[in-house]
Amino acid sequence: MIKGVIFDLDGVLVSTDELHYKAWKQLAEDLGIMNFTKEDNYLQKGVSRMESLEVVLNKGTKLYTEAEKLILAEKKNSCYVDLLQELSTEAVLPHVVETLEMLRAQGILIGVGSVSKNTPLILKRTELEQYIDKVSCGLDITRSKPDPEVFLVAAKKLGLQNEECLVVEDSAAGIVAAKAANMKCLGVGPEYRQLEADYESLTLQSEVDWHTILQG
Ligand code: B16
Ligand code: MG
């Protein structure tokens, strides 16, 4: 029996992909890497900021020290945070609000499990805070997806057993993390058929069979 649903943030509740892409592309170009593409950006989905930086640096030839890499990651984040100031309720993905309201009405607890350290800012700017019981994000963890830590912390904060939680994810790393946490998972987003989730749907549309899913 599912008592809590833990939602990934980027690509599930909100659309910030384009802003991440713009900020990484800007950094790449500042480093003289002119061929950073959306395909490269796809490899950054659901993984940590430092792992995402490696995707950019692998496109170039120059080697950087760990200290230099931290500065570059901070530079990208500063650009990304500037872009986030423009974020509004328009960034909330289709069917999200009605899904959250429907789950709440059934007494299901709502968590967020995101490796993004900008999760609190994004939830505030998109006005999604009001629907969320507990947040587990990059500020709470030391290991990124596919490690299950972010979901284990979310379950603990919700006061639930791991197997009482369902994870909703759009990235392969997130689905691996959910399974490692002993949680059932619903895969959504453009790549939902490749995610090998327990349940699948392109969006959080009304056709998602929540009745069956919540039976566990
Ligand atoms: P930040 P999620 C992830 O969020 C993004 O998908 C990924 O592209 C990003 O690198 C990561 O957050 C870290 O974000 O730089 O803001 O801390 O999909 O786990 O919600
Ligand atoms: Mg995601």
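Definitions and limits used
- Every chain begins its residue count from 1, and numbering advances along the sequence as written.
- Just so you know, chain letters begin at A and ligand numbers begin at 1, following the order they were written in.
- Where totals are concerned, whole chains, interfaces and linings use all residues; where local detail is concerned, this predicted model gives features only for residues with pLDDT of at least 70, and gives and counts side-chain atom pairs only at 80 or more.
- Heavy atoms from the whole structure form the basis of all side-chain values; hydrogens and water molecules are not counted.
- The helix count covers DSSP runs of H or I at least four residues long, the strand count covers runs of E at least two residues long, and both are numbered beginning at the N terminus.
- Between the two quantities, the radius of gyration covers C-alpha atoms and the globule rule is 2.2 Å times the number of residues to the power 0.38.
- Accessibility here uses a 1.4 Å probe with only protein chains present; expressed as a share of the type maximum, an area under 20% marks a residue as buried, one over 50% as exposed, and anything in between as partly exposed.
- Only nitrogen, oxygen and sulfur atoms qualify as donors, and only when within 2.8 Å of the metal (3.2 Å in the case of Na, K and Ca); with water excluded, sites may look incomplete.
- Any two strands between which DSSP finds at least two bridges are classified as paired.
- Any two residues having at least one pair of non-hydrogen atoms within 4.5 Å are treated as being in contact.
- Orientation is described by lines fitted to C-alpha atoms, with helices fitted over the stretch in contact, and by angles between N-to-C directions that extend from 0 to 180 degrees.
- A molecule or strand has a residue near it when one of that residue's heavy atoms lies within 4 Å.
- Whenever two N or O atoms come within 3.5 Å, that pair is a polar contact, provided that in protein one can donate a hydrogen and the other can accept it, and provided that, for residues adjacent in sequence, both atoms are side-chain atoms.
- Accessible surface area values rest on a Shrake-Rupley calculation with a 1.4 Å probe, where residue burial reflects the displayed protein chains alone.
- In the scheme used here, Gly and all other residues not listed as nonpolar or charged are polar, with Ala, Val, Leu, Ile, Met, Phe, Trp, Tyr, Cys and Pro taken as nonpolar and Asp, Glu, Lys and Arg as charged.
- A pairing counts as a salt bridge when a side-chain nitrogen of Lys or Arg comes within 4 Å of a carboxyl oxygen of Asp or Glu.

Report on the overall build of the protein, specifying residues and quantitative values.
Across its full length, the protein holds nine helices and six strands. Whereas a compact globule of 216 residues would reach a radius of gyration of roughly 17 Å, the protein reaches 17 Å, a difference of no more than 12%. Counting only C-alpha atoms, the protein reaches 50 × 35 × 30 Å along its principal axes. Counting every position in the protein, which comprises 216 residues, the buried fraction comes to 50%.

Go over the coordination of the magnesium ion (ligand 2), please, and point to the residues and values.
Coordination of the magnesium ion (ligand 2) by the protein involves Asp 8 (OD), Asp 10 (O) and Asp 170 (OD), with metal-donor separations of 2.1 to 2.3 Å. All donors to the magnesium ion (ligand 2) come from one chain, and their sequence spacing reads D-x1-D-x159-D. On the criterion of sequence distance, the pair formed by Asp 10 in the loop between strand S1 (4-7) and helix H1 (17-30) and Asp 170 in the loop between strand S4 (165-169) and helix H8 (172-180) is long-range, its members being 160 residues apart. Like Asp 10, the residue Asp 170 is buried in the burial classification.

Got a sec to walk through the sheet that holds S1? Specific residues and values, please.
If you trace the six strands from one edge of the open sheet to the other, you get S3-S2-S1-S4-S5-S6, paired in parallel fashion. Looking along the sheet, the strands with just one partner apiece sit at the ends: strand S3 (134-136) and strand S6 (199-200). Across the face of the sheet, helix H5 (residues 96-105) comes into contact with S1 and strand S2 (109-113) while running at roughly 160 degrees to S1. Strands in contact with H8 are S4 and strand S5 (184-187); relative to S5, the strand with the most contacts, it is inclined by about 165 degrees.

Could you give me a rundown of the site of ligand 1, with the residues and numbers involved?
Every one of the 18 residues lining ligand 1 counts as a neighbour, but Val 47, Ser 114, Ser 116, Lys 117 and Asn 118 are closest to it. Residue Asn 118 places a side-chain N or O atom 2.7 Å away from an oxygen atom belonging to ligand 1. The fraction of the free accessible surface of ligand 1 (470 Å²) that becomes covered by protein chains is 96%. Of the residues contributing to the shell around ligand 1, the split by class is four nonpolar, eight polar and six charged.

Can you tell me about the environment of Leu 31, naming the residues and giving the values?
The residue Leu 31 is located in the loop between H1 and helix H2 (38-42) in this model. Placed 27 residues apart in sequence, Leu 31 and Gly 4 show a C-alpha to C-alpha distance of 44 Å. Excluding its chain neighbours within four sequence positions, the residues that come into contact with Leu 31 are Leu 57, Tyr 64 and Leu 72.

So what's going on with the pattern of salt bridges? Residues and values would help.
In this structure the tally under the stated criterion is 15 salt bridges. Asp 140 serves as the salt-bridge partner of Lys 157, at 3.3 Å between the closest nitrogen and oxygen. With Lys 157 in helix H7 (residues 149-158) and Asp 140 in the loop between S3 and H7, this pair connects stretches of sequence that are 17 residues apart. For Glu 149, the salt bridge identified is with Arg 143, shortest N-O distance 3.9 Å. Given a relative accessible area of 13%, Glu 149 falls into the buried group. Within the structure, one salt-bridge network assembled from shared partners comprises Asp 8, Lys 145 and Glu 169.

Please set out the environment of Glu 149 residue by residue, giving values where relevant.
Turning to its location among the elements, Glu 149 is positioned in helix H7. Contact partners of Glu 149, with chain neighbours within four places excluded, come to Asp 140, Ile 141, Thr 142 and Arg 143. Polar side-chain contacts of Glu 149 include one of 2.8 Å to the backbone nitrogen of Arg 143.

Everything listed here is a matter of coordinates, which is why it stays silent on function.
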